[in-house]
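Working through the structure, step by step
Single-letter residue listing:
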Amino acid sequence: MKPVRRSAPPRGCEPAPQRDRWLLSYADFLTLLLALFVVLYASALVDVEKNRGLFEGLQSAFTKGTPASEKNDPGRVPDAVGDLAPQNQLESNLAKRLDRERARIHADPGVSLHPTERGLVISLAAAEYFRPGSAEIRASRRPVLAAMAPLLAAESAPLLFEGHTDDLPANNPIYPSNWELSSARAAAIARFFIDKHGIDPQRVATTGYAAYRPLSDGESPSERARNRRVEIVVLSESERVKTRGKVDPERELGRLLEQLPPLADEPDETLRPPPPRPVPIDIPLP
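Scoring rules and cut-offs
Residues numbered from 1 in each chain as written. Predicted model: local features only at pLDDT ≥ 70, side-chain atom pairs only at ≥ 80, totals over all residues. Heavy atoms only, no water. Helix = DSSP H or I, 4+ residues; strand = E, 2+ residues; numbered from the N terminus. Buried < 20%, exposed > 50% of the residue type's maximum accessible area, 1.4 Å probe, protein only. Expected span 1.5 Å × (residues − 1). Arc of directions from axis to C-beta. Lys, Arg positive; Asp, Glu negative; His and termini not counted. Salt bridge = Lys/Arg side-chain N within 4 Å of Asp/Glu carboxyl O. Polar contact = N/O pair within 3.5 Å; in protein donor to acceptor, adjacent residues only side chain to side chain. Contact = heavy atoms within 4.5 Å. Phe/Tyr/Trp six-rings, centres within 6.5 Å; stacked < 30°, edge-to-face > 60°.

1. Regarding the environment of Glu219
- Tracing the sequence through the fold places Glu219 in the loop between β4 (204–208) and α7 (221–227).
- Look at Glu219 and you get exposed, because its relative accessible area is 62%.
- For the pair formed by Glu219 and Asp166, sequence separation is 53 residues and the distance between their alpha carbons is 9.4 Å.

2. Some details on unusual backbone geometry
- Non-glycine residue His106 carries a positive phi angle of around 55°.
- Overall, His106 belongs to the exposed group, its relative accessible area being 72%.
- Within the chain, Asn171 stands out as a residue other than glycine whose phi angle is a positive 50°.
- As for its position among the elements, Asn171 is in the loop between β3 (159–164) and α6 (178–197).
- The exposure class assigned to Asn171 is exposed, which follows from its relative accessible area of 71%.

3. A word on helix α3 (residues 87–105)
- Helix length check: α3, at 19 residues, gives a terminal C-alpha distance of 27 Å against a target of 27 Å (1.5 Å per residue), a fit within 8%.
- Of the positions making up α3, those classed as buried are Leu90, Leu94, Arg97, Leu98 and Glu101. Summarising the axial view, the buried residues of α3 lie within an arc of 100°, below the 170-degree limit, and thus occupy one face. What points out from α3, more than 90 degrees from its buried face, is the exposed set Asn88, Lys96 and Ala103.
- His106, located one to two residues past α3, shows a positive phi value of around 55°.

4. Regarding the side chain of Arg203
- Residue position: Arg203 is located in the loop between α6 and β4.
- Within the buried core, Arg203 has no salt-bridge partner, and the shortest N-O distance to an opposite charge, that of Asp200, equals 6.3 Å.
- In this structure the side chain of Arg203 is engaged in a polar contact, spanning 3.1 Å, whose partner is the backbone oxygen of Leu152.
- Once you skip the residues sitting within four places of it in the chain, Arg203 turns out to touch Leu152, Ala153, Glu155, Ser156, Ala157, Pro158 and Leu159.

5. Details of the pattern of salt bridges
- Counted by the stated rule, this structure contains eight salt bridges.
- When the shortest N-O distance is used, the salt bridge between Arg141 and Glu128 registers 2.8 Å. Placement of the pair is Arg141 in the loop between α4 (126–129) and α5 (142–153) and Glu128 in helix α4, with a sequence separation of 13 residues.
- With a relative accessible area of 10%, Arg141 lands in the buried category.
- Among the salt bridges present, the one from Glu231 reaches Arg229, with a minimum N-O distance of 2.8 Å. Of the two residues, Glu231 and Arg229, both sit in the buried class.
- Taken together, the shared-partner salt bridges in this structure form one network comprising Asp99, Arg102 and Asp108.

6. Structural notes on the packing of aromatic side chains
- Tallied over the full model, the rule gives three aromatic pairs.
- For the ring pair Phe161 and Phe193, a centre distance of 6.0 Å and an interplane angle of 40° mean the geometry is tilted. Within this pair, whereas Phe161 is found in strand β3, its partner Phe193 is found in helix α6, the two being separated by 32 residues in sequence. There is no split in this pair, since Phe161 and Phe193 are both buried.
- Where Phe192 meets Phe193, the ring centres are 5.8 Å apart and the plane angle is 80°; that geometry is what we call edge-to-face.
- Exposure remark for Phe192: the relative accessible area of 8% places this residue in the buried category.
- Every member of this aromatic cluster is reached through a ring pair, and the members are Phe161, Phe192 and Phe193.

Structure below.
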């Protein structure tokens, strides 16, 4: 039996070569790999933005190359950090200064720090800084305030000085009520920072709350002493935005109207319309 002879395919109908089909899969693989690297690169950029504040804080805390003499100098004024300084960094710096003062005087300096939504609250115990019924700062506590002054001066945030008393009547000929006493104590602390340490007075506001914002409702001597205080509030950025946003529309309109120049008694002749021109005569066409 003769083997069957296969006929050759007609000319022009040769099958396409199959050796290059792997290029399609390889191209798909490269495309997916490129997309993966793009996603990883984008996620890395997001992580850098999120952690930039953390990196800056660590860098400021562990700055290399600072001379030892500057680190140990208690009178050295820190670099101005303004609104970029986080609230916890200011709290940490103040805590270190207060620890130094505690070791110097071998006693509690009478200052406590409380981070709040409003900002960092620096609370001064009135019994440590004032005599009963007085608004004059004790000489022994002025160095403690002086130690905190450079840190507060290096900031740009507004400072609120708020005075508080207990609910016992003042019975003082100079300060007939706790309103005057609390306001005078807040103003005395504010004037000390302004006059002695150059804090910008435009950053400062003082107020007195008397006994109407107590920390404790108890009547024991220790609980009444907690209520007698002067608080220095370093406003946070969010609180500054809220403060700037509280604008009375009527008052703002009145302020703008006051800035307008007064109206003249006589009308301005240049504003009068020109007199009407005579009506042109129609000339008949020829």
